[in-house]
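The residues making up each chain are set out below.
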Amino acid sequence: MRKRIKLITFNLGNLSNKAIKKIRKKNTYLIGNWCKETKNLYQEKTDTKILNFYNWDKLKEKTEDIKYILSVYNKLLVKLTKNLNSIHKTKYNKKYWEFLINRWLMAFIVDIYSKWRIADYLLQKYDVKEFLYQDLKDKMFLPENTLHHNIMHKTQSSYTHWCLRKIFKYKVENLNEKKIKISNLSKIKKTISKYKFKMYKTNIFNLSLFKKIFFYELSFDKKIYFYLKFKNFFINLPYKNEAISFNKNFNNKNLRKDFFNLFKNSKKGFEDFLIKQMYHSMPKIFLENYAALHNCYLTLNWPKQPEFILTTYGHYYDEIFKIYCANKIIKKTKLFIFQHGDGGYFADNDFYNIGWDKKLCNKYFVWGKNPKKGCKAFFYTKKYLDQTPTFYSSINGKVLLIVYGFSALPYFPPHGFIDTYETNKIITFNTVDFVNSLKKNIKNKVDIKLLENSVDNIVKKSIKYKLKKYKIYDEKISLLNNLKNYNLTIHFYLSTPFFETILFNKPTILIFNKKIQLNYDKYFYLFMKRFYENKIAFTSIREAVLFVNENFNNLESWWNNKKVQKIREDFCETYCRNFKTNSDFKEIFK
């Protein structure tokens, strides 16, 4: 028999203290850690029961989830292609519409599926006798564009509650609901509306003598740009940004209703719910404002018939670039996408990483000679190095701790992941324990660089609470420009900075906990084994601290050791290698 509970799916921080006390009663449960009003991970309030359905060890189920998500995506893409052509009176193929909507559609399906599966698990075990809800209007969450949608679903707890309420109302017949007053509704509305970013059109002067090459939002060092242009005899200069305002004449109020009337009724279940939820979640840029977007495309001064389009970031959230690109790639233009951060070493064909990008382009260029299918060998593009620097320790050299913080909201499925609130706790506690265990002379040399995307900055606040005297730099302070000040970097999460400090030959240590990471492919685990053997990676804070305390004054003998340098060179050659001026642009356009 299922246990009867009162369920909360919103963040308690949206309530007054008086209201919180009223609802904290026996058999009242929070659906996840993101509902807590925690302001500090060291001062958690735990007087309400909290559910957690995440399980990293369910890796087979994670793979099955991905197969199902892809099947839903492909079926929906066919329907959307047909209906978008019908509503806009166009005849574009699936490739065109996929390029426009891919980033939104995949994120939307994964996000709703994640919440759907959590609801499944809850309803298998519990009977929701009362669902506490906050009255949030659908129109609050109607996104303007892809970026607006994707930021909302990853950062706004009000959006999560709004989605979960719809899921439970769909799944539970005659759901018993109790309305809870929101104390800060105006603040919620203001926060959501601030993500309605302005769109800009960039004017670009492009001249190609031989191959017709166009690039946009390409993350290359200036010297690498020069080599690219010099070797291929072309110029590509942005010179003016123009803000785009959508003419209200294009905005058809009935268009959304007419569009969704084109979908045939589906059998009750996830796919049926997905289309119903899409009514309120499909960005206006693909419906009401599509005509204006297309009109903007027609006024671009970009090349009319490029042979090659190169980008690093443009295909993510720049709707103007996406419609330009979509119109070109359905003809003869080839699209090349270049890696912008760590990637290409995960299981499940990098589905939650670069897998989406590889699907969209003719060639996907990676930072090394990664043997994985769909990866084209290239090099690290963000910084030009004349040669790999040799490491020499400095008397004044410091220790840089590189720390991540994440949004705690449930935008990944519960299989193959842990709750990101728990990820934040692991990273925070490891960081504080590490610093507190260092010798005094090393402690005094510590700086902390924080890369955090949570709205409430919970990791930063928690570290500051325990380590008050230490400087915490955010991502605005360039890592690469400041590496010279440090003798040692310590990473508490494996991501882009780890690859960069290895490439720049800076002594690097990784505190590794596999359950806060995506699972890797077999090839990458072979490197991890070598990292453990050579004291580059540790699974134990205690062992890492002992190593640093014993070796900090003699880092050169460890880091410049032949075995350590060999693993570093092999790793860089595969995943993050340096640019070679004489050979690295020869094959790019063949």
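Residues numbered from 1 in each chain as written. Predicted model: local features only at pLDDT ≥ 70, side-chain atom pairs only at ≥ 80, totals over all residues. Heavy atoms only, no water.

1. Describing the overall build of the protein chain
Piece 1. Along the backbone of the protein chain there are 22 helices and 18 strands.
Piece 2. Here the C-alpha radius of gyration of the protein chain, 25 Å, is about what a compact globule of 590 residues would show, namely 25 Å.
Piece 3. Looking at the protein chain as a whole, 59% of its 590 residues qualify as buried.
Piece 4. Of the accessible surface of the protein chain, which amounts to about 27,200 Å², a share of 50% is contributed by carbon and sulfur atoms.
Piece 5. Taking the average place of the 110 positive charges on the side chains of the protein chain and the average place of its 51 negative ones, the gap between the two points comes to 3 Å. (Helix = DSSP H or I, 4+ residues; strand = E, 2+ residues; numbered from the N terminus. Rg over C-alpha atoms; globule rule 2.2 N^0.38 Å. Buried < 20%, exposed > 50% of the residue type's maximum accessible area, 1.4 Å probe, protein only. Areas by Shrake-Rupley, 256 points an atom, 1.4 Å probe, with all protein chains shown as cover. Lys, Arg positive; Asp, Glu negative; His and termini not counted. Charge placed at Lys NZ, Arg CZ, Asp CG, Glu CD.)

2. Looking at the sheet that holds strand E7 (residues 213-216)
Piece 1. The parallel open sheet is built from five strands, whose spatial order is E7-E9-E10-E11-E12. Here the strands that pair on one side only, and so sit at the sheet edges, are E7 and strand E12 (376-377).
Piece 2. Taken together, the two bridges between strand E11 (residues 363-366) and E12 define a ladder with parallel strand orientation. Considered in E12, the bridge of Val-366 is made with Ala-377. (Pairing = 2+ DSSP bridges.)

3. A short note on the nonpolar core
Piece 1. Membership of the largest hydrophobic core comes to 189 residues, with the highest contact counts inside it found for Leu-80, Leu-122, Phe-168, Met-282, Leu-401, Phe-434 and Ile-490.
Piece 2. Take this core: its biggest share by element is 19 residues, from helix H3 (residues 94-125).
Piece 3. Leave out the neighbours within four places in its chain, and Met-282 touches Leu-80, Leu-84, Trp-104, Leu-142, Pro-143, Arg-256, Phe-259, Phe-260 and Leu-287.
Piece 4. In terms of nonpolar packing, the next biggest core, distinct from the first, is built from 20 residues, Leu-218, Phe-379, Tyr-384 and Phe-579 among them. (Core = buried A, V, L, I, M, F, W, Y, C linked by side-chain atoms within 4.5 Å. Contact = heavy atoms within 4.5 Å.)

4. Some thoughts on the state of the cysteines
Piece 1. Per the counting criterion, the structure on display carries zero disulfides.
Piece 2. Considering cysteine sulfurs only, Cys-163 is the nearest to Cys-35, which forms no disulfide, with 13 Å between them.
Piece 3. We note that Cys-375 lacks a disulfide partner, and the nearest cysteine sulfur, in Cys-361, lies 9.8 Å from it. (Disulfide = S-S within 2.5 Å.)

5. Regarding helix H16 (residues 458-466)
Piece 1. Within the span of H16, buried status applies to Ile-458, Val-459, Ser-462 and Ile-463. For H16, the angular spread of buried residues about the axis comes to 125°, placing them on one side. (Arc of directions from axis to C-beta.)

6. What about helix H9 (residues 270-281)?
Piece 1. With twelve residues, H9 should reach 16 Å at 1.5 Å per residue; the first-to-last C-alpha distance of 15 Å fits that figure.
Piece 2. In terms of residue burial, H9 counts as a mostly covered element, since nine of its twelve residues are buried.
Piece 3. Here H9 has its buried residues at Phe-270, Asp-272, Phe-273, Leu-274, Ile-275, Gln-277, Met-278, His-280 and Ser-281.
Piece 4. Where the residues of H9 are buried, they touch helix H2 (59-88), H3, helix H4 (146-155), helix H5 (157-171) and helix H8 (255-260). (Expected span 1.5 Å × (residues − 1).)

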